[in-house]
Amino acid sequence: MGQKSFKKNPIIGSRWLNERGFYLKRVAWAEKMAALRRRQMVRFLPEEDKAFFHRNGYVVKENFLSKDIFAQVQDEIATNAFAASEMRQGKTVTRFIGLPPSVLKDLPGLSRAVRDPYLQNAMRYVASYNADPIVFLHAVLWDLEKTRKDPQTDFHMDTFHATSKAWLFLRDVDVADGPFHYVPGSHRYTPERTAWEFEQSLNAAQHPDGMHAAGSFRASEEEILRMGYGKPVCFDVPANSLVIADTHGFHRRGIATRPGARVGLFADLRRSPYFPWSGLDLRSLPGVKGRQSEIYTGYLSFRSKLTGKPSHHREVGRVKIEAPPVL
């Protein structure tokens, strides 16, 4: 958070420095390094998919897993309970189930899905890092009775540099389920986008929206159109669809209008934007690789005990993936 937060980092949040182009220079260097790292990974994606990604900022594959593996995955999540944590944001509860080797050893379908070469390579190329992504079994559940707003339903960029997130949806996703939305091409800068981000950088440290102040800039659809981008794509997709996006581009969670849940695999890959090399990732070392979810959950628990403050990810014991929220 410190490398992007305007509120928590007095250097990044300095209006004086940003008036003189400090933020824009950080962005320009991150863009240059991401392009350099991707040139080191040109074989990670087929040419057609690379071209599509560079135009749009995402890749999408329907019928991703073979029928046999997909059926095996469905059976494994239907017949097992898993150690989970949950996070509430407004009316939405997101359930995270880590999938380290100790869990996957008894789940061959999920193991093959998590380790699928296309998924792994595409995550790396989109993030511009040959590094091990963190992967969860994941459910998004919502309580329509709650009135507090989910901040993820605003269009936003996760950070100022290339980063990838993936969703392998294991159930059909309808518009009423609040699907993922992405603005095609918004991973690339336009002059209008550059000017908009410059203006945001001057006052972000004092912005009333905490996530905006933390460097995850929020934008209205009107602002996005003025930046030179088009209408967002809504990913109401069939089960067994894979979506991988550079979430430096503008995206949001849709607003669900009926009871239900979105279920799938979720992967996230973000590293420092400043290095010219694509590999040398400490989290890919033996003993660490594949265990990021386990390590992250342990870290949150330790930090909560150390500070006496509750974690935003609350451990809820063993649950079925689509069970009602425990929070």
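Residues numbered from 1 in each chain as written. Predicted model: local features only at pLDDT ≥ 70, side-chain atom pairs only at ≥ 80, totals over all residues. Heavy atoms only, no water.

Trainee: What is the right way to read the environment of Trp277 from this model?
Mentor: Topologically, Trp277 is positioned in the loop between strand 10 (261-269) and helix 11 (292-307). Remark: the alpha-carbon pair of Trp277 and Arg38, spanning 239 residues in sequence, is separated by 9.5 Å. Here Trp277 is in contact with Arg37, Gln40 and Tyr129, once residues within four sequence places are set aside. (Helix = DSSP H or I, 4+ residues; strand = E, 2+ residues; numbered from the N terminus. Contact = heavy atoms within 4.5 Å.)

Trainee: Looking at this structure, how should I read the nonpolar core?
Mentor: Ranked by size, the top nonpolar core spans 47 residues in total, and within it Leu65, Leu110, Leu137, Leu170, Leu242, Ile244 and Leu265 carry the most contacts. Here this core takes seven residues from helix 7 (residues 117-127), the largest share from any one element. Discounting residues that sit within four places of it in the chain, Leu65 has contacts with Phe70, Val73, Ala113, Leu168 and Asn240. (Core = buried A, V, L, I, M, F, W, Y, C linked by side-chain atoms within 4.5 Å. Buried < 20%, exposed > 50% of the residue type's maximum accessible area, 1.4 Å probe, protein only.)

Trainee: Explain a positive patch on the surface here, please?
Mentor: Taken together, the side chains of Lys7, Lys8, Arg303 and Lys309 make up a positively charged region of the molecular surface. Along the chain, the position of Lys8 falls in the segment before helix 1 (15-19). (Patch = residues over 30% accessible without salt bridge, like charges linked within 9 Å, V, L, I, M, F, W, Y side chains within 5 Å. Areas by Shrake-Rupley, 256 points an atom, 1.4 Å probe, with all protein chains shown as cover. Salt bridge = Lys/Arg side-chain N within 4 Å of Asp/Glu carboxyl O. Lys, Arg positive; Asp, Glu negative; His and termini not counted. Charge placed at Lys NZ, Arg CZ, Asp CG, Glu CD.)

Trainee: Help me understand the pattern of salt bridges in this model?
Mentor: Where side chains of opposite charge bring their charged atoms close, a pairing between them can arise. As enumerated under the stated definition, the model contains 15 salt bridges in all. Lys149 is the salt-bridge partner of Asp154, the closest N and O atoms lying 2.6 Å from each other. Judged by relative accessible area, which is 23%, Asp154 ranks as partly exposed. For Asp158, the salt bridge is made with Lys165, and the minimal N-O distance between the two is 3.0 Å. Note on accessibility: Asp158 and Lys165 belong to one class, buried. The network of salt bridges with shared partners includes Arg15, Glu19 and Arg20.

Trainee: What is the right way to read the packing of aromatic side chains from this model?
Mentor: Any pair of aromatic rings gets described here by the distance separating the centres and the angle formed by the planes. Per the counting criterion, the structure on display carries 18 aromatic pairs. Between the aromatic rings of Trp196 and Phe250, the centroid separation amounts to 5.9 Å while the plane-to-plane angle is 75 degrees, which identifies the pairing as edge-to-face. Placement of the pair is Trp196 in helix 8 (residues 191-203) and Phe250 in the loop between strand 8 (241-246) and strand 9 (251-253), with a sequence separation of 54 residues. On the accessibility criterion, Phe250 (0% relative accessible area) is buried. Note on Phe275 and Trp277: the rings are 4.9 Å apart at their centroids and 10 degrees apart in plane angle, and the pair reads as stacked. The structure contains a cluster of three or more aromatic residues connected by ring pairs, namely Phe52, Tyr58, Phe96, Phe136, Trp167, Phe180, Tyr182, Phe235 and Phe266. Positioned above the aromatic ring of Tyr125 is the side chain of Arg38, whose terminal nitrogen or guanidinium carbon lies 6.0 Å from the ring centre. Across from the ring centre of Tyr189, 4.9 Å away, lies the NZ or CZ of Arg193, which sits over that ring. (Phe/Tyr/Trp six-rings, centres within 6.5 Å; stacked < 30°, edge-to-face > 60°. Lys NZ or Arg CZ within 6 Å of the ring centre and 35° of its normal.)

Trainee: Please explain the sheet that holds strand 4 (residues 134-142) as it appears in this structure.
Mentor: Across a sheet, strands are paired by hydrogen bonds formed along the backbone, either parallel or antiparallel in direction. If you trace the eight strands from one edge of the open sheet to the other, you get 1-8-5-10-4-3-2-11, paired in antiparallel fashion. Looking at strand neighbours, the two that pair on one side only are strand 1 (58-61) and strand 11 (314-319), the edges of this open sheet. Each neighbouring strand pair of the sheet contributes to a mean axis angle of 25 degrees, computed without reference to strand direction. The pairing of strand 2 (residues 82-89) with strand 3 (residues 92-98) spans five bridges and is antiparallel. (Pairing = 2+ DSSP bridges. Axes fitted to C-alpha atoms, helices over the stretch in contact; angles between N-to-C directions.)

Trainee: Whenever I open this one, the pairing of strand 5 (residues 164-169) confuses me. Can you help?
Mentor: On any regular strand, side chains alternate: one points to one face of the sheet, the next to the other face. Counting buried positions along strand 5 yields six of six residues, so the element is predominantly enclosed. Burial along strand 5 is two-sided: Ser164, Ala166 and Leu168 facing one way and Lys165, Trp167 and Phe169 facing the other are all buried. Pairing analysis gives six bridges linking strand 5 to strand 8, with the strands arranged antiparallel. Bridging from a neighbouring strand, Phe169 pairs with Ser241 of strand 8.

Trainee: Mind showing me how you'd approach the pairing of strand 3 here?
Mentor: For strand 3, the buried fraction is high: seven of the seven residues fall into the buried class. Along strand 3, one buried face is formed by Thr92, Thr94, Phe96 and Gly98 and the opposite face, lined by Val93, Arg95 and Ile97, is buried too. Counting the residues in the hairpin turn of strand 2 and strand 3 gives two residues, including Gly90, whose phi is positive at 65 degrees. In this sheet, strand 4 lies alongside strand 3 in antiparallel orientation, the contact comprising seven bridges. Of the residues in strand 4, the one forming a bridge with Arg95 is Ala139.

Trainee: Can you help me understand the sheet that holds strand 7 (residues 233-234) in this one?
Mentor: With respect to topology, three strands assemble into an open sheet ordered 7-6-9, the strand pairing being antiparallel. Pairing within the sheet leaves two strands with one partner each, and these edge strands are strand 7 and strand 9.

Trainee: In this structure, what is going on with a nonpolar patch on the surface? I would like to understand it.
Mentor: A grouping of Phe275, Trp277 and Leu280 is seen on the molecular surface, where their side chains present a nonpolar patch of about 350 Å² in accessible area. In this structure, Phe275 sits in the loop between strand 10 and helix 11.

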